[in-house]
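What follows is each chain in one-letter form.
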Amino acid sequence: MTESKDPTQIKSLDGTVQAFTAGPNKMMEPQNDVSLPSRPAKQTSAASKNSIPPPGASLTGKQEYYLKRELISRQVDYEITELASTTALQRFGAPFRSEFGEVAPVDSDLPLLRYIFVHHVRNFPFLDQAREKEFWQDKLQVFLESFANKHISSSEDRLEETKRRKLAVKARKLFELMMVSGIPTASGYEERIRFSELEVVDRGANEQGLLVNAPEGHSINGWDVNVVGVRTTSAKRTVRYHQHAEFIIRIKRAGKPDTYVCRRYGEFRKLQKRLRTELPGKVLAPLPRKNKKHTSALLSVSTQNTGSTIPDETSSLRGLIGTGNARNPSLQSSRSPTISGEFQRVKVVLYREDQRVSLRAFLCTLLQNEQIAESKAMDDFLTGNPVKLNLEELDDVQRRKDMDEKRFEEQRRFYEVARERARELDIYMERFRRDVIESNGLTKLFKEIKEKERISDLSLEFKKFAEWLRIEVAATIYHLFLAEDNSPELLVQAKRIHSMMPYSALKQVIRFANPAMVMSGVLDLFLAQPFGARSLAQRVFGMALNDGIRTFQKSIDSLVLKINDPVLCEKLKRFCNADENTKNEIRSEAALEDIDLIVAILRSEKFAPELAPEQIGKVFNAFVAWNNAVENIDDEMKSGAQLFAYLKQLLKMYTRQRDKAQMLSVIEEPVTLHLFRDLFTIFYEPLVRVYKSANVYNSVTDFATFADDTFSVIASAQRQDVSADPNQTVQSFIDLCARHQDNFYKFVHEVHLHDNGLFTQLMGWLEGILEFLRHGPKGGKLDMNALFQGAVDMGHVSKSTAISEINALIKWHEERKKWHQDKTRQKMAADSAVSNGTGASTPGSAAFKSTDFGLNEADLAELDDEYDDSDEDEEEEDGNADPIASERKRRGKQADRLRRSAGEPVKPEVKELKRMRDGFLSMLRMVLAE
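Keep in mind that what you see is a predicted model, and the values were worked out from it rather than measured. Residue numbering note: each chain is counted from 1, following its sequence as written. Reporting in this predicted model follows two pLDDT cut-offs: at least 70 for local features of residues, and 80 or more for side-chain atom pairs to be given and counted; totals over whole chains, interfaces and linings ignore these cut-offs and use all residues. As a rule here, side-chain values cover all heavy atoms of the structure and leave hydrogens and water aside.

Is there a simple way to explain the overall build of the chain in this structure?
When you go through the chain residue by residue, the secondary structure sums to 33 helices and six strands. The buried label goes to any residue with under 20% of its type's maximum accessible area, the exposed label to any with over 50%, and the partly exposed label to all in between, with areas taken from a 1.4 Å probe on protein chains only. Among the 930 residues that make up the chain, the fraction classed as buried is 46%. Throughout, a residue-residue contact means that at least one pair of heavy atoms, one from each residue, lies within 4.5 Å. Pairs at least 24 residues apart make up 79% of the contacts formed inside the chain by residues separated by at least 6 positions. If you sum the accessible surface of the chain, you get close to 47000 Å²; carbon and sulfur atoms cover 54% of it. Strands here are runs of E lasting at least two residues and helices are runs of H or I lasting at least four, both read from the DSSP assignment and numbered beginning at the N terminus. The Shrake-Rupley method, run with a 1.4 Å probe sphere, supplies the accessible areas, and residue values consider only the shown protein chains as cover.

How should I be thinking about the pairing of strand 3 (residues 259-264) in this particular structure?
Put simply, side chains in a regular strand alternate between the two faces of the sheet. A pair of strands counts as paired when DSSP detects no fewer than two bridges linking them. In this sheet, strand 3 lies alongside strand 2 (residues 241-252) in antiparallel orientation, the contact comprising six bridges. Opposite Arg250, over in strand 3, you have Tyr260 as the bridge partner. Taking the residues between adjacent antiparallel strands as the criterion, strand 2 and strand 3 are bridged by six residues, where Gly255 takes a positive phi near 75 degrees.

Sorry, what's going on with a positive patch on the surface here?
On the surface, a cluster of positive charge is made up of Arg237, Arg264, Arg269, Lys270, Lys273, Arg276, Lys290 and Lys292. If you tally residues by element for the positive patch, the top one is helix 8 (residues 265-278), at four residues. Lys292 sits in the exposed class, given a relative accessible area of 58%. Two distance rules govern patches: like charges are joined within 9 Å, and nonpolar side chains (Val, Leu, Ile, Met, Phe, Trp, Tyr) within 5 Å, applied only to residues with over 30% relative accessible area and no salt bridge. Salt bridge, as applied in this entry: a Lys or Arg side-chain nitrogen positioned within 4 Å of an Asp or Glu carboxyl oxygen. Only four residue types enter the charge count, namely Lys and Arg as positive and Asp and Glu as negative; His and the chain termini do not. A charged residue contributes its charge at one atom only: NZ of Lys, CZ of Arg, CG of Asp or CD of Glu.

I'm lost on the side chain of Lys68 in this one. Help?
If you trace the backbone, Lys68 turns up in helix 3 (residues 61-82). For Lys68, a relative accessible area of 0% gives the class buried. Beyond its immediate chain neighbours, meaning those up to four positions away, Lys68 contacts Val180, Ile183, Pro184, Thr185, Glu190, Leu782 and Met784.

What's the story with the pairing of strand 1 (residues 224-236) in this structure? I'm lost.
Bridge count between strand 1 and strand 2: 12 bridges; the pairing is antiparallel. Bridge pairing in strand 2 places Ala235 opposite His242. Linking strand 1 to strand 2, which pair antiparallel, is a turn of four residues.

How should I be thinking about the environment of Glu64 in this particular structure?
Along the chain, Glu64 turns up in helix 3. Residues Glu64 and Gly188, spaced 124 residues apart in sequence, show a C-alpha to C-alpha distance of 9.8 Å. Contact partners of Glu64, with chain neighbours within four places excluded, come to Leu59, Thr185, Ser187, Tyr189, Met784 and Asn785.

Could you clarify how one ought to interpret the nonpolar core in this entry?
Here, the term nonpolar core denotes a set of buried Ala, Val, Leu, Ile, Met, Phe, Trp, Tyr and Cys residues that are joined through side-chain atoms within 4.5 Å. In terms of nonpolar packing, the biggest core is built from 62 residues, with Leu67, Met179, Ile183, Leu782 and Phe788 touching the most fellow members. Of the residues forming this core, the biggest block, six residues, is contributed by helix 3. In this structure Ile183 touches Lys68, Leu112, Phe772, Pro777, Leu782, Leu924, Val927 and Leu928, once residues within four positions along its chain are discounted. In this structure, Leu425, Val436, Phe711 and Ala717 belong to the second largest nonpolar core, which totals 39 residues.

Any chance you could explain the packing of aromatic side chains here in plain terms?
Two measures describe an aromatic ring pair: the distance that separates the ring centres and the angle between the ring planes. Pairing of aromatic side chains requires ring centres within 6.5 Å, counting the rings of Phe and Tyr and the six-membered ring of Trp. Pairs whose planes differ by under 30 degrees are stacked, by over 60 edge-to-face, and all others tilted. Applying the stated criterion across every chain yields a total of 16 aromatic pairs. Summarising the aromatic geometry, the rings of Phe143 and Phe147 are spaced 6.5 Å apart at their centres and angled 25 degrees between planes, so their arrangement reads as stacked. With Phe143 and Phe147 both in helix 5 (residues 132-150) and four residues apart, this pair spans about one turn of that helix. The structure contains a cluster of three or more aromatic residues connected by ring pairs, namely Phe96, Phe117, Phe135 and Trp136. Sitting over the face of the ring of Phe381, Arg263 holds its NZ or CZ atom 5.4 Å from the ring centroid. Comment: the charge-over-ring label is applied if NZ (Lys) or CZ (Arg) is within 6 Å of the ring centre and within 35 degrees of the ring normal. Over the aromatic face of Tyr78 sits the side chain of Arg917, whose NZ or CZ is 4.8 Å from the ring centroid.

Even after reading the chapter, I still don't get the pattern of salt bridges, so can you show me in this structure?
Proximity of charged atoms lets side chains of opposite charge pair with each other. Counting across every chain of the model gives 41 salt bridges. In this structure, Glu580 engages Arg587 in a salt bridge whose closest nitrogen and oxygen atoms are separated by 3.4 Å. One continuous salt-bridge network, built from bridges that share partners, spans Glu353, Arg356, Arg360, Asp396, Arg400 and Asp404.

Where do I start with helix 14 (residues 441-451) in this structure?
Each α-helix winds once per 3.6 residues, and so residues spaced three or four apart point in a common direction. Residues Gly441, Leu442, Leu445, Glu448 and Ile449 constitute the buried set of helix 14. The buried residues of helix 14 all sit within an arc of 125 degrees when viewed along its axis, so they share a single face. Of the residues in helix 14, the exposed ones pointing more than 90 degrees away from the buried face are Lys447 and Glu451. Directions pointing from the helix axis toward each C-beta atom define the arc.

How should I be thinking about unusual backbone geometry in this particular structure?
Peptide bonds are mostly trans, and most non-glycine residues show a negative phi. At Asn221, a position not held by glycine, the phi torsion is positive, near 50 degrees. A positive phi is found at Arg352, a non-glycine position, where the angle reads about 50 degrees. Mapped onto the elements, Arg352 comes out in the loop between strand 6 (343-350) and helix 9 (353-367).

Can you walk me through the packing of helix 3 against helix 4 (residues 111-121) in this structure?
Helices that pack against each other are described as a pair by the angle of their axes relative to one another and the distance between those axes. Axes, fitted as lines to C-alpha atoms, cover a helix only where it is in contact. Angles between the N-to-C directions of the axes lie from 0 to 180 degrees. Two numbers describe how helix 3 lies on helix 4: the axes approach to 8 Å, and their chain directions differ by 75 degrees. Regarding the angle of helix 3 to helix 4, the classification is roughly perpendicular. Contacts between helix 3 and helix 4 involve Ile72, Gln75, Val76 and Glu79 from the former and Pro111, Leu112 and Leu113 from the latter. Nonpolar residues are Ala, Val, Leu, Ile, Met, Phe, Trp, Tyr, Cys and Pro. Charged residues are Asp, Glu, Lys and Arg, and all others, Gly as well, are polar. Here the contact of helix 3 with helix 4 is composed, by residue class, of five nonpolar, one polar and one charged. In this scheme, roughly parallel covers angles under 35 degrees and roughly antiparallel covers those over 145, while 65 to 115 is roughly perpendicular and the rest are oblique.

Is there a simple way to explain the sheet that holds strand 2 in this structure?
Within a sheet, neighbouring strands are paired by backbone hydrogen bonds and run either parallel or antiparallel to one another. Strand order in the open sheet made by the three strands is 1-2-3, with antiparallel pairing throughout. Strands with a single pairing partner mark the edges of an open sheet, and in this sheet they are strand 1 and strand 3. Averaged over all neighbouring strand pairs, the angle between strand axes comes to 30 degrees, with direction disregarded. Contacts between helix 11 (residues 376-383) and the sheet are confined to strand 1, strand 2 and strand 3, with strand 3 contributing the most and set at about 105 degrees to the helix. Across the sheet, helix 12 (residues 391-423) is in contact with strand 1 and strand 2; its angle to strand 1 comes to roughly 135 degrees.

Is there a simple way to explain the confidence of the model for the chain in this structure?
Detail in the predicted coordinates should be disregarded across regions flagged by low pLDDT. Within a predicted model, pLDDT stands for the predictor's per-residue confidence, ranging from 0 to 100. In the predicted model, the chain carries a mean pLDDT of 76, and the fraction of residues at 70 or more is 75%. Averaged pLDDT values over the elements of the chain bottom out at 32 in helix 1 (residues 14-21) and peak at 93 in strand 3. Scored below 50 in pLDDT, residues 199-213 shows 37 contacts in the model against residues more than four places distant or in partner chains. Low pLDDT (under 50) marks residues 305-341, which in the prediction has 78 contacts with non-local residues, meaning those over four places away or in another chain.

Just checking my understanding: could you explain the packing of helix 8 against helix 9 for this structure?
Put simply, helix 8 and helix 9 touch, their axes get as near as 12 Å, and they point 20 degrees apart. In this view, helix 8 runs roughly parallel relative to helix 9, as classed from their interaxial angle. For the element pair helix 8 and helix 9, the recorded crossing hand is left-handed. Contacts between helix 8 and helix 9 involve Tyr265, Phe268, Leu271, Gln272 and Leu275 from the former and Gln355, Leu359, Phe362, Leu363 and Leu366 from the latter. Helix crossings get a hand from a simple test, with the near helix turned counterclockwise from the far one by less than a right angle marking a left-handed crossing and a clockwise turn marking a right-handed one.

Here it is in structure tokens:
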């Protein structure tokens, strides 16, 4: 396998490389010390630009890249699919055993997974000490093969998108991205589609960054909701009248006029209870605690509506806004009244303002879930008993709107000032970036931390990095505890936890106790099997799983009674308990004939007993009624479809019950306990040794002091008027971080100093991954030209047909990028309308780029596009939900996907390129066999 001349030697392109890789300040100084990613894909010859292969080559740079990408993508799909096989690990090679003896790297059936495992999993700093036979073969391999044999149900079995499925899709795309980016081509002319070729240059819409809160005009799942004000009402209990706060909620819906409803705090609690009843098992946002504090602010108030005076204690506004007591005046003027029609700044005390903002955040969080937004409880809460606001209530709404706008403006100014401070450090951050991305950069960074005892002793670039980090942490603290709608609630929770934490006792426990022995004793307690009996851990997990099995059995018994046909129920049960090959045959038959799986199961002769002709007719009639009931929403057809609905629900319950039983059998196996003990020993004990030798207990007091100081700074910022100088606010948070940075650095230094080489190994492991992404495997590069020409010479592929397929793939990628870009621009345009263009990026967030780590920005953009398409909120349906409604909702989501994917280019069929797989696999094995 020949290798072309490294294009980094082509002098005419040096300037292009420098200009492409340099940041905004990078051209100020020489670039000779920069370790550029040796990825010649960034270089493009004139021949490549004109779609003409370079001299001596059969493919252009773009054709090379997309041929490589297609073949790697197909290999990734194959290996991920094979990973579910019970024999997958036997084909991996060392350290796993095989019935065929040791499998050499060049003979591995899964070269990509083998490479990742050998170089980035097995040599992980904790796992590198694990023994080959005792751990990898006798425990991990046995456990994984046993788990694969259980055949836990998939998304297709449940007709729903399981969380496992979503994670698997994302992992597969990341794996493909890593392989495509990491394995280079030999020619050096590898080229991707550029955005400039798509005639799409509008990049400004992508600058969202750290978005401050915009309460107005934000529609969530069809609801635009804002808690706009607070009013007081009186309710008679026994003898006396008691005042209560009611929160005014403004509701906007498309095509409908704005409405207002008023809800007390207790009604929010009732809403949460109703949602738990209506949607059992749904994880709901926690309700903010009751907060009766008020907020003071200086606002410009017009005297036009109230005559020439400011309302006093006898004003009709009394009780709407108070100073901690509903009877207190709502406004306290800082100067004498003026003539009618003027504006003056007055001190306004906004009644229960923090509670209003936190309840707004609570409602918005709930509405982000489509199922909750469409629930009857939410509809009743937001639409029941609308009210019409009087002048006093409208006045209160306006003041709180002004407060929201001022709060919004304060946040924007804070981030502007913080970004300006970070911008002053750009030139130093650029040098720091180059130091980190060069060879062994992370190791050098942590070596300096290990050697230098104080921040002041660090080199200039590292000290400037610490200064940049102070700004980042300051902005984060401000964002968490002051900027968000739920910040008051979060602050209350943090203070409560801090007040309850016994720091002194915790410090002494950490100082004198031996956590390794304690955890080892606890582990022995849970995993011990006296006289071969089940361990405590097995009993605990078994109890939870058995509860689930019993719950499913109750649902099954109820459905069996409703179906009232033991033969149909028995056939479904036997299908769930059948071997996987038989199940796959039935699924394939159903897919081939385009019939429901229930029909295919019940008519099959593989599961006794056979159905009588009248039973078969009943099932088919129920199936037809089912489809009509789902598609036509006809109550008459719905009653006839109930049988089929119960059958589908019963199959799902049998499937879930079998999954629980299989998981229980995994827990009961002895190898599971042994594997858990080994993993605990491998990962926990080294960390315990480090923290024990590093005197971590001293940092407990430092953290407590930092928390006290943080709450003090936040309280001071809350007391400031919203018109206060943002430089002062920014500086107060930066000074907070500066006061405690030495303690934090001491902690990091001590841990690193006593790590026994653990963190050095960890940095080496990370740099190994970065080295692969930047420079590829040490075994060489993929010579796509030699592969293609060899396949043509051997007569395996037709050159013209193969070139046509490659060009069709390139055109498809171009059209798909353009389609995704148009979708993104539309989405960003909508988002910018919501946020009024006030997105603020995190200070200094652009310090590192994906290209620094060998990942192409275009590849990452495509990955984000595919994540957007797959990240829909699909919940597993409750077993007691109406199956017809569930099926209708599932089909609605499918239709919605089709609507959103309308116009998406269809991938062209590839036949000729498939014939290159064997040659490509041989070359891939050689490149990755190290």
